[in-house]
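# Summary of the model geometry
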Amino acid sequence: MTMSKYWHVLNIGLQNTLVYRLNFLFRATFGLIPLTATIFVWRTIYAGKADGRVGSYELAQMVSYYLVVTIVDALTAVTEDDWQIAADIKDGNISQFLLKPMDYLTYRLCLFGAGRLVYAVVALVPTVAFLWLLRADFVLPPDAATAGWFIVSVGLTALLQFLMSFTLALLAFWVLEVATFIFIAFAFEYLAGGHLFPLDILPPAVAALLDYTPFPYLTYFPVSIWLGRVPAEALAHGVLVQLLWVVAAYALARLVWSRGIRKYSAVGG
Amino acid sequence: MSSEFKVPGSELAGAPPPPDARPHSPFPISRYLSLYAALWRNSVIRELGFKVNFLMWIVVEALWFALQLTFIGVLYLHTDHIGTWTKWQVVALMGTSHLIQQLFTAIFLTNLTALSEHIRTGKLDFMLLLPVNTRFLISFRQVDLGGFVNAASALCVIGYALHRLGHAPGLAQFAGFAVLVVVGILIHYSLMLMLSATSFWTVRAQGIVWGYYNLFNIARLPDEAFRGPFKAVFTYALPMLLVSNVPVKLLVDKLGSPLEILLLVTLATLICIASEIIWRTALKRYTSASS
């Protein structure tokens, strides 16, 4: 019973996001332009290097890094959900969820899952075409076990991305305009999560410091698994740390939600 | 949202033209200047209503700019040149790209992205009725003041980069740089106007317009990194690899030949003409939201 009602939500979510498939296609295709530019810049840098290495990356590894980031992003990035959550709160739409026997976080998670599913399917065509063009420099996971770990880690990344965005959007209980907060957090994630460049080409002290934050587990960690850069003995440990961050983010999301609802009800009277 | 924001004393909606307007000129400049001043006043008052938000957006933009500079900083930890571009030359390039982008944002961005909304809601009907050139109105309606603040920070970065390069450009170079920055803004404006005009044909144009914003990412990278069809498209069709590269090359004595400037200016002229043609064609096609 409880499961079936969320299946229903997932279903509705799928149908609703299918409307945006053309938009998704534009976004996925346009997104390849800056990606191409970044790869061009790296190629030029490698052309000027006598030893053909930047940090511990060879050219193929560096190019693949950005390609796998694109894949992870398509599967896990939060795009519209945080805005919608903030709007739900601002416009008072969440009142109906307080009455319904439905948990808002789970409801939102279902919609997020549906949205990512549709996006990933739509983005598949341009992305695969692009990967095929760059196949000479595209590194696959070294073995099936690594691929398995990658899938587990991507799942955790999706949860972590969602929970962090969810919590951030809940700021709408307290402030009128959350957009700036979301963009500031996104900027940090972009840098510290490893979107802009692999984190281990940073000075070692900075990279070590980032290890104590959840950011590397948002992108950098699963990508490193794919590239076979995480040693076998560190895999389980890394995934465990990622899982702990997910649990922590979940606890925080629940806490902020209950605080927010208390504030919200108080406003409503 | 914004147009209902009535400001006392604003001449925005159908006020009589100032006495010095020449009724026979098709584009009386003094009248349009005073109109633009009124639109500015409107925007200032609007921003003053949300002071914290205004400051927060400046923080956001500064943060993203710092992010790009960090990227360059990290790249140059591992190399000392990209093609022939040295670190501080690329920083000057990033600064210039940011300068052009922010001035464009300040003057045009909000207005152009709003066009599809004006068409969808039929608000464009109202604008067509006003005794003002419609292209002027949809281009300049609102000013995003934060963009000017961010542009100032870009100027500081360019200045610092020049200092680190130990390079003191001459007056002519600065003047040429300023002119080319304006040319760059005009290119972005005309291209984006053309894209916005597609909303006369499809309601989904807003996605295309935001997609264009992605192209700014290319403009801040050194042109030498690119080759093949990618370089050809983004040099000759959508001259992203010229808009900020050429002014910076002029500033730091990096120009291969003055032909690059000629190319940029020629393309800008062509794009401006194309945008006017497309704008007129699109307007002819427009038949209000309700009919």
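Just above, that's the structure.
Since this is a predicted model, take the numbers as computed values, not measurements. (Residues numbered from 1 in each chain as written. Chains lettered and ligands numbered in written order. Predicted model: local features only at pLDDT ≥ 70, side-chain atom pairs only at ≥ 80, totals over all residues. Heavy atoms only, no water.)

### Some thoughts on the environment of A:Gly92
Residues and elements named next belong to chain A. Its place among the elements puts Gly92 in the loop between helix H4 (81–90) and helix H5 (95–99). Judged by its relative accessible area of 25%, Gly92 falls in the partly exposed class. It is 9.0 Å that separates the C-alpha atoms of Gly92 and Tyr264, two residues lying 172 residues apart in sequence. (Helix = DSSP H or I, 4+ residues; strand = E, 2+ residues; numbered from the N terminus. Buried < 20%, exposed > 50% of the residue type's maximum accessible area, 1.4 Å probe, protein only.)

### A short note on the pattern of salt bridges
Applying the stated rule across the entire model yields 11 salt bridges over all chains. Of the charged contacts in the structure, one is a salt bridge between A:Glu80 and A:Arg27, with a shortest N-O distance of 3.3 Å. Linking A:Glu80 in the loop between helix H3 (59–76) and H4 with A:Arg27 in helix H2 (residues 21–47), this pair joins segments that are 53 residues apart in sequence. Of the charged contacts in the structure, one is a salt bridge between B:Arg135 and B:Glu276, with a shortest N-O distance of 2.5 Å. With B:Arg135 in helix H5 (residues 134–140) and B:Glu276 in helix H13 (residues 259–285), this residue pair connects regions lying 141 residues apart in the sequence. Judged by its relative accessible area of 14%, B:Arg135 is buried. When its relative accessible area of 26% is taken as the criterion, B:Glu276 is described as partly exposed. (Salt bridge = Lys/Arg side-chain N within 4 Å of Asp/Glu carboxyl O.)

### Quick notes on unusual backbone geometry
Look at B:Asp253: it is not a glycine, yet its phi comes out positive at around 60 degrees. Positionally, B:Asp253 belongs in the loop between helix H12 (245–251) and H13.

### Regarding the side chain of B:Asn150
Residues and elements named next belong to chain B. For Asn150, the location among the structural elements is in helix H6 (residues 146–165). Asn150 sits in the buried class, given a relative accessible area of 5%. The residues touching Asn150, leaving out its near neighbours within four places in the chain, are Ile58, Glu61, His98 and Gln102. (Contact = heavy atoms within 4.5 Å.)

### Structural notes on the layout of surface pockets
Residue and element names in this part refer to chain A. Put simply, the second largest pocket is a space of about 430 Å³. Looking at the second largest pocket, it is lined by 19 residues, and the ones nearest its centre are Asp211, Tyr217, Tyr220, Phe221 and Val230. Those elements that provide at least two residues to the lining of the second largest pocket are helix H9 (204–210), helix H10 (220–226) and helix H11 (232–268). Counting residues per element, the lining of the second largest pocket draws most heavily on H11, which supplies 4 residues. When the residues that make up the lining of the second largest pocket are grouped by side-chain class, the tally is 13 nonpolar, 3 polar and 3 charged. (1 Å grid on protein atoms, 1.4 Å probe; cavity = no way out; pocket = protein on both sides within 12 Å on 5 of 7 lines; lining within 4 Å. Points joined across faces, edges and corners; volume = space filled by probe spheres on them. Nonpolar A, V, L, I, M, F, W, Y, C, P; charged D, E, K, R; others polar.)

### Quick look at the environment of A:His8
All names here are of chain A. Inspection of the secondary structure assignment puts His8 in helix H1 (residues 2–18). His8 gets classed as exposed once you look at its relative accessible area, which sits at 54%. The spatial distance from the C-alpha of His8 to the C-alpha of Tyr107 is 9.9 Å, given a sequence separation of 99 residues.

### Brief notes about a nonpolar patch on the surface
All names here are of chain A. Together, Leu240, Leu243, Leu244 and Val247 make up an exposed nonpolar region whose accessible area comes to about 370 Å². The residue Leu244 is located in helix H11 in this model. Of the residues examined, Leu244 reaches a relative accessible area of 55% and is grouped as exposed. (Patch = residues over 30% accessible without salt bridge, like charges linked within 9 Å, V, L, I, M, F, W, Y side chains within 5 Å. Areas by Shrake-Rupley, 256 points an atom, 1.4 Å probe, with all protein chains shown as cover.)

### Focus: the packing of aromatic side chains
Following the criterion strictly, the structure yields 41 aromatic pairs over all chains and no others. Ring geometry for A:Phe150 and A:Trp226: centres 4.9 Å apart, planes at 80 degrees, overall edge-to-face. Of this pair, A:Phe150 sits in helix H7 (residues 144–169) while A:Trp226 sits in helix H10, placing them 76 residues apart in sequence. Here A:Phe150 matches A:Trp226 in class, with each residue buried. On the basis of an interplanar angle of 80 degrees and a centroid distance of 5.5 Å, the ring pair of B:Trp88 and B:Tyr160 is categorised as edge-to-face. Of this pair, B:Trp88 sits in helix H3 (residues 87–121) while B:Tyr160 sits in helix H6; the two residues are 72 residues apart in sequence, bridging distant segments of the chain. Three or more aromatic residues link up through ring pairs in this structure, and these residues are A:Phe97, A:Tyr104, A:Tyr107, A:Phe112, A:Phe162, A:Phe166, A:Phe173, A:Trp174, A:Trp257 and A:Tyr264. Against the face of A:Trp132 rests A:Arg135, its NZ or CZ located 3.8 Å from the ring centre. (Phe/Tyr/Trp six-rings, centres within 6.5 Å; stacked < 30°, edge-to-face > 60°. Lys NZ or Arg CZ within 6 Å of the ring centre and 35° of its normal.)

### Some points on the side chain of A:Gln242
All names here are of chain A. Considering the arrangement of structural elements, one finds Gln242 in helix H11. At 2.9 Å, the side chain of Gln242 and the side chain of Thr157 are in polar contact. Ignoring sequence-local partners within four residues, the contact set of Gln242 consists of Ser153, Leu156, Thr157, Tyr217, Phe221 and Pro222. (Polar contact = N/O pair within 3.5 Å; in protein donor to acceptor, adjacent residues only side chain to side chain.)

### So, the interface of chain A and chain B
Residue-level contacts link 37 residues of chain A with 33 residues of chain B. Here chain A meets chain B over a buried area of about 3,100 Å², counting both sides, of which 82% is carbon and sulfur. The tally of links from chain A across to chain B stands at 0 salt bridges. In this assembly, chain A and chain B are joined by 4 residue pairs in polar contact (both at pLDDT 80 or more). Residue assignment for the side of chain A that touches chain B shows that the elements contributing at least two residues are H2 and helix H8 (179–192) of chain A. If one sorts the elements of the side of chain A that touches chain B by residue count, H2(A) sits on top with 15 residues. When the residues that make up the side of chain A that touches chain B are grouped by side-chain class, the tally is 27 nonpolar, 8 polar and 2 charged. (Buried area = accessible area lost by both parts, 1.4 Å probe.)

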